[in-house]
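Listed here are the chains, written in short residue letters.
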Amino acid sequence: MHIKSPSPAPSAPVVLISGAGAAGLTLAIDLARRGVAFRLIDKAAEPFPGSRGKGIQPRSQEVFEDLGVLDRMVAVGGRYPMLRTYAGDRVEDVAMMEERPVTPAEPYVTPLMLPQARTEAVLRERLAELGHHAEFACELLGFEQDGEGVTARLSAGGREETLRVAYLVGADGGRSFARHALDIGFPGETLPVRALVADLDLEGLSRDRWHRWNITRGDQLSLCPLGGTDLFQLQAGLVQPGEPDLSAPAIERLIAERTGRTDLTVHAVRWASGYGMNVRLADRYRVGRVFLAGDAAHVHPPTGGQGLNTSVQDAYNLGWKLAAVLAGAPESLLATYEAERRPVAAHVLGLARSLLQAARERGEMRRGRETHELDIGYFDSSLALDARGRSGTLAAGGRAPDAPCRGAAGQPLRLFNLLLGPQWTLLGYEVERASLGPARAGLAIHTVGVRGDIVDADGHIRTAYDLTPGDRVLIRPDGYVGAFVDGDGQTALEDYLAKVGLTGG
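This text gives an overview of the structure that appears in the document.

Criteria and thresholds
Residues numbered from 1 in each chain as written. Predicted model: local features only at pLDDT ≥ 70, side-chain atom pairs only at ≥ 80, totals over all residues. Heavy atoms only, no water. Axes fitted to C-alpha atoms, helices over the stretch in contact; angles between N-to-C directions. Helix = DSSP H or I, 4+ residues; strand = E, 2+ residues; numbered from the N terminus. Parallel < 35°, antiparallel > 145°, perpendicular 65-115°, else oblique. Left-handed = near helix turned anticlockwise from the far one by under 90°. Contact = heavy atoms within 4.5 Å. Buried < 20%, exposed > 50% of the residue type's maximum accessible area, 1.4 Å probe, protein only. Pairing = 2+ DSSP bridges. Right-handed = clockwise from strand over helix to strand, strands pointing away. Salt bridge = Lys/Arg side-chain N within 4 Å of Asp/Glu carboxyl O. Expected span 1.5 Å × (residues − 1). Core = buried A, V, L, I, M, F, W, Y, C linked by side-chain atoms within 4.5 Å. 1 Å grid on protein atoms, 1.4 Å probe; cavity = no way out; pocket = protein on both sides within 12 Å on 5 of 7 lines; lining within 4 Å. Points joined across faces, edges and corners; volume = space filled by probe spheres on them. Nonpolar A, V, L, I, M, F, W, Y, C, P; charged D, E, K, R; others polar.

Turning our eyes to something else, we now look at the packing of helix α2 (residues 58-66) against helix α7 (residues 307-326). Packed helices, taken two at a time, are described by the angle their axes make and the gap between the axes. At a minimum axis distance of 10 Å, the contact between α2 and α7 shows a crossing angle of 45°. Classified by the angle their axes make, α2 and α7 are oblique. As for the relative orientation of α2 and α7, their crossing is left-handed in sense. Taking contact as the criterion, the partners of R59, S60, V63, F64 and D66 in α2 are, on α7, N309, V312, Q313 and Y316.

Have a look at this one:
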């Protein structure tokens, strides 16, 4: 007779994540796969239903590949269509996305269109596979912290509870309760632009174009077919004060007035929101044991599709650091979160604002590499070590490139296959395995070369990483180069590994 063993009792959470949007879900998935106990809460009664942040940039696609969800996202999403601009009797079609070929180093070069609600649904599904879920209708009422942890007060179902955790992460949006409670400044400005965004069941337009009218005027309007759905996303400037009428008849009248077309029928409004555009950046991303991530730390205009992507990458940066410190790495590792991510947000805010200005003044919507986030790096970080004794085409702190290769057993691989998962990765180029130090938890060690476990027959790894025999490259869990050292730099490498909690033995 087979007797089923009882399931182990869940561990007490050591991290509380407030906010179950894209940033909170990404952080939860990363902590779950690292075995870190947490709770993920959101005061909203149910998940966000709209399309708002609909662009998944190439760098975020790499992140989602590592988290095990990219193929699912592509399956339920779609490509960006051509732009079609109407000006009187003139119609002009142009490509929105600059076409670039896939390269060995960059496997994803085109943004994916995926409504935000679907992105978050895929992430919740992945989180469930890892044995966790988001708790909706659960609100963070307050918190206090000391040198050992954070005591949070929660409310759900009419009951209050007190929860003690090691760390709290506020991923609770632009009106962040966590940020306000910490009294962190949120300087910036509200732009003189108000807009309406809505997801529509609309009849009368082709779905192979993103349709635009009045592109340089305050009454601009566009209708974009949402990839993976039968809906259109409406974006329209608001020129009248007050709250807009979000009913289907009112939106249909608005479309007719601005397009001159009476053959477009709005059957239903699935989701709609009027909003003002802000450009703001938190003064700090951390106070003690409480962190901010995503829109709680930075808010953007929608131009360029940067907001959700920057939020996801905040979480991807923070997750491995929290897990490492909880496992015994030096507390100082957590200081690199703000040091690395806040400058990125400042850059992205400037980019989004410049793209908004170009759209308003010239109707310009074409997007290229500058929005793909593949060139973002942490070159000035304390976690960037270059001890090669020479300059290279790829610097420490830069994004780790992909590279086709094969295993010693003969099967084809991508370098990204080796990087999948929560571990650090050490590559030794044309070196003996024994020279790379002992095996240790949390570090995958590979030798590349004729006698290595990875064969670089076409030289893609050598070229992408600018390697010479004896070089070592240490790749962080979030897919950035932590360290380059040459054959004389093993001591420097060991010191680095100790700094991030990877001790031998």
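Right, let's get into the pairing of strand β1 (residues 15-18). Alternating residues of β1 divide into V15 and I17 and L16 and S18, and every residue in both groups is buried. Across four bridges, the pairing between β1 and strand β11 (residues 167-170) is parallel. Counted as the bridge partner of L16 is L168 from β11. Crossover handedness for the path β1 to helix α1 (residues 22-33) to strand β2 (residues 38-42): right-handed.

For the rest of this paragraph, the subject is the sheet that holds strand β7 (residues 134-136). What links the strands of a sheet is backbone hydrogen bonding, and the strands pair in either a parallel or an antiparallel sense. With mixed pairing, six strands are arranged side by side in an open sheet as β7-β2-β1-β11-β18-β17. The open sheet has two edge strands, β7 and β17 (286-287), and neither has a second partner. Two elements, β2 and β7, share three bridges in a ladder whose sense is parallel. Looking across to β7, one finds that I41 is bridged to E135. Of the strands in this sheet, β1, β2 and β11 touch α1, which is tilted by about 165° from β2.

Attention shifts here to the pattern of salt bridges. The full count for this structure, using the stated rule, is 33 salt bridges. The salt bridge partner of E432 is R451, with a shortest N-O separation of 3.3 Å. Taken together, the residues span a long stretch of sequence, with E432 in the loop between β23 (424-429) and β24 (443-448) and R451 in the loop between β24 and β25 (454-455) at a distance of 19 residues. R440 serves as the salt-bridge partner of E494, at 3.1 Å between the closest nitrogen and oxygen. Of this pair, E494 sits in helix α11 (residues 490-499) while R440 sits in the loop between β23 and β24; the two residues are 54 residues apart in sequence, bridging distant segments of the chain. E494 gets classed as partly exposed once you look at its relative accessible area, which sits at 27%. On the basis of relative accessible area, R440 is assigned to the buried category, the value being 6%. Taken together, the salt bridges that share partners define one network made up of D30, R33, R34 and D66.

Given 3.6 residues per turn, any residue in an α-helix points the same way as the ones three and four places further on. The terminal C-alpha atoms of α7, which comprises 20 residues, lie 29 Å apart, in line with the 28 Å expected from a rise of 1.5 Å per residue. With 19 of its 20 residues buried, α7 lies for the most part within the structure. Looking one or two places after α7, you find G328, whose phi comes out positive at around 120°.

All right, on to the nonpolar core then. Among the nonpolar cores identified, the biggest contains 92 residues, and L16, F38, L40, F64 and L474 are the most heavily contacted of them. Sort the elements by how many residues they give to this core and α7 lands first, with 10 residues. Discounting residues that sit within four places of it in the chain, L40 has contacts with I17, G19, A20, G24, L25, A28, L127, H133, A134 and E135. Counting 21 residues, the second largest nonpolar core, distinct from the first, contains F416, L427, I454 and F484.

Counted under the stated rule, the structure contains two cavities of 30 Å³ or more. In this model, the largest cavity occupies a volume close to 150 Å³. Where the lining of the largest cavity is concerned, the elements lending two or more residues are α2 and α9 (415-419). It is α2 that contributes the most residues to the lining of the largest cavity, five residues altogether. Of the residues contributing to the lining of the largest cavity, the split by class is eight nonpolar, two polar and five charged. R59, V63, Q313, Y316, N317, R341, Y378, D478 and Y480 are the residues that line the second largest cavity. Mapped onto the lining of the second largest cavity, the elements with two or more residues apiece are α2 and α7. Element by element, the count of residues in the lining of the second largest cavity is highest for α7, at three residues. Class assignment of the residues belonging to the lining of the second largest cavity gives a composition of four nonpolar, two polar and three charged.

What follows concerns the environment of A323. Within the secondary structure layout, A323 lies in helix α7. The spacing of A323 and H267 is 56 residues in sequence and 48 Å in space, taken between C-alpha atoms. Ignoring anything within four residues of it in the chain, the contact list for A323 reads R34 and V36.

Here we take up the sheet that holds strand β4 (residues 82-87). With mixed pairing, eight strands are arranged side by side in an open sheet as β5-β4-β13-β14-β15-β12-β16-β19. On the outer flanks of this sheet lie β5 (90-94) and β19 (298-299), each paired with one strand and no other. In terms of strand pairing, β4 meets β5 through five bridges, oriented antiparallel. The partner of L83 across the bridge, within β5, is V94. Contacts from helix α6 (residues 248-259) reach β12 (188-203), β13 (209-213), β14 (221-225), β15 (232-237) and β16 (265-281) within the one sheet, and its direction differs from that of β16 by about 75°.

This part takes up unusual backbone geometry. At A137, a position not held by glycine, the phi torsion is positive, near 60°. Its location among the elements puts A137 in the loop between β7 and β8 (138-145). In this structure, D183 is a non-glycine residue whose phi angle is positive, near 60°. A relative accessible area of 69% means that D183 is categorised as exposed.

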